[in-house]
Amino acid sequence: MTKQIFKNTLKTFAFLFFISAIICCNSNNKADTKDSSTAISENESIPDTIVQFLITSASSDFRNHQPPTPIDFRNVKIGYIKSPNNEKIFILCGEFLSQENKEWTAFTTIKTSGYEQYLGKTQYCQDATMVLTDESLSVELKNKLAE
């Protein structure tokens, strides 16, 4: 009888240890995935010509396609996503305050052979590696729109 209790206790302990190990491994993987999707790279830079192109493209698009009419910007950042052939596709992400409905809306501007701009949350910004996250990007975009 004592051997049976010892065996059952040992099996229970081994089972709990095994389950704990699996849970720990999976929770670490989820944290790594979340961190990599919002990665900020401090060792990289984006050429100023690309920064200016994206800001000019975004402001032109906002000016030419109203409503919504942006009156302020926040959380503007620039980064890149990798294409299937491993080239960097540069991307501008942020939020604008709409004059019409007074709420903040996400936007994405992507450098393609020209550019593409999307209003609303996109997977592009979630998957991007952000390089420039300076508050001055929001001010620069607002100033460019006012020109």
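Provided above is the structure to which this section pertains.
Since we're looking at a predicted model, the values are computed, not measured.

1. Notes on the packing of helix H2 (residues 48-64) against helix H4 (residues 136-146)
Right, on to step 1. Interaxial distance between H2 and H4 falls to 9 Å at its minimum, and their mutual angle equals 50°. Taken together, the axis directions place H2 and H4 in an arrangement best described as oblique. Handedness of the H2/H4 crossing: right-handed. Across the interface between the two elements, Val-51, Gln-52, Ile-55, Thr-56, Ala-58, Ser-59, Phe-62 and Arg-63 from H2 touch Leu-137, Glu-140, Leu-141, Lys-144 and Leu-145 from H4.
Right, on to step 2. Looking at side-chain class alone, the contact of H2 with H4 contains seven nonpolar, three polar and three charged residues.

2. Here's the deal with the pairing of strand E3 (residues 104-111)
Right, on to step 1. Judged by how many residues are buried, E3 sits mostly within the fold: six of eight residues are covered.
Right, on to step 2. The pairing of strand E2 (residues 88-98) with E3 spans seven bridges and is antiparallel. If you follow Glu-95 over to E3, its bridge partner there is Ala-106.
Right, on to step 3. Taking the residues between adjacent antiparallel strands as the criterion, E2 and E3 are bridged by five residues, where Lys-102 takes a positive phi near 50°.
Right, on to step 4. With five bridges joining them, E3 and strand E4 (residues 115-119) adopt antiparallel strand pairing. Pairing of Lys-111 across the sheet is with Tyr-115, part of E4.
Right, on to step 5. In sequence, E3 turns back onto E4 through a hairpin of three residues.

3. So, the packing of aromatic side chains
Right, on to step 1. The full count for this structure, using the stated rule, is six aromatic pairs.
Right, on to step 2. Arranged with centres 5.2 Å apart and planes meeting at 80°, the rings of Phe-62 and Phe-107 form a pair that is edge-to-face. Remark: Phe-107 occurs in strand E3 and Phe-62 occurs in helix H2; sequence separation between them is 45 residues. No difference in accessibility class separates Phe-62 from Phe-107, as the two residues are buried.
Right, on to step 3. The ring of Tyr-80 has Lys-88 lying over it, and the distance from NZ or CZ to the ring centre is 4.5 Å.
Right, on to step 4. Of note, Lys-111 hangs over the ring of Phe-53, and the distance from its end group to the ring centre comes to 5.0 Å.

4. Examining the side chain of Ser-57
Right, on to step 1. Within the fold, Ser-57 resides in helix H2.
Right, on to step 2. Residue Ser-57 is classed as buried on the basis of its relative accessible area, which comes to 7%.
Right, on to step 3. Side-chain polar atoms of Ser-57 contact the backbone oxygen of Phe-53, separated by 2.8 Å.
Right, on to step 4. Setting aside residues no more than four positions away along its own chain, Ser-57 makes contact with Thr-109, Tyr-115 and Gln-117.

What counts and what doesn't
- Residues numbered from 1 in each chain as written.
- Predicted model: local features only at pLDDT ≥ 70, side-chain atom pairs only at ≥ 80, totals over all residues.
- Heavy atoms only, no water.
- Axes fitted to C-alpha atoms, helices over the stretch in contact; angles between N-to-C directions.
- Helix = DSSP H or I, 4+ residues; strand = E, 2+ residues; numbered from the N terminus.
- Parallel < 35°, antiparallel > 145°, perpendicular 65-115°, else oblique.
- Left-handed = near helix turned anticlockwise from the far one by under 90°.
- Contact = heavy atoms within 4.5 Å.
- Nonpolar A, V, L, I, M, F, W, Y, C, P; charged D, E, K, R; others polar.
- Buried < 20%, exposed > 50% of the residue type's maximum accessible area, 1.4 Å probe, protein only.
- Pairing = 2+ DSSP bridges.
- Phe/Tyr/Trp six-rings, centres within 6.5 Å; stacked < 30°, edge-to-face > 60°.
- Lys NZ or Arg CZ within 6 Å of the ring centre and 35° of its normal.
- Polar contact = N/O pair within 3.5 Å; in protein donor to acceptor, adjacent residues only side chain to side chain.

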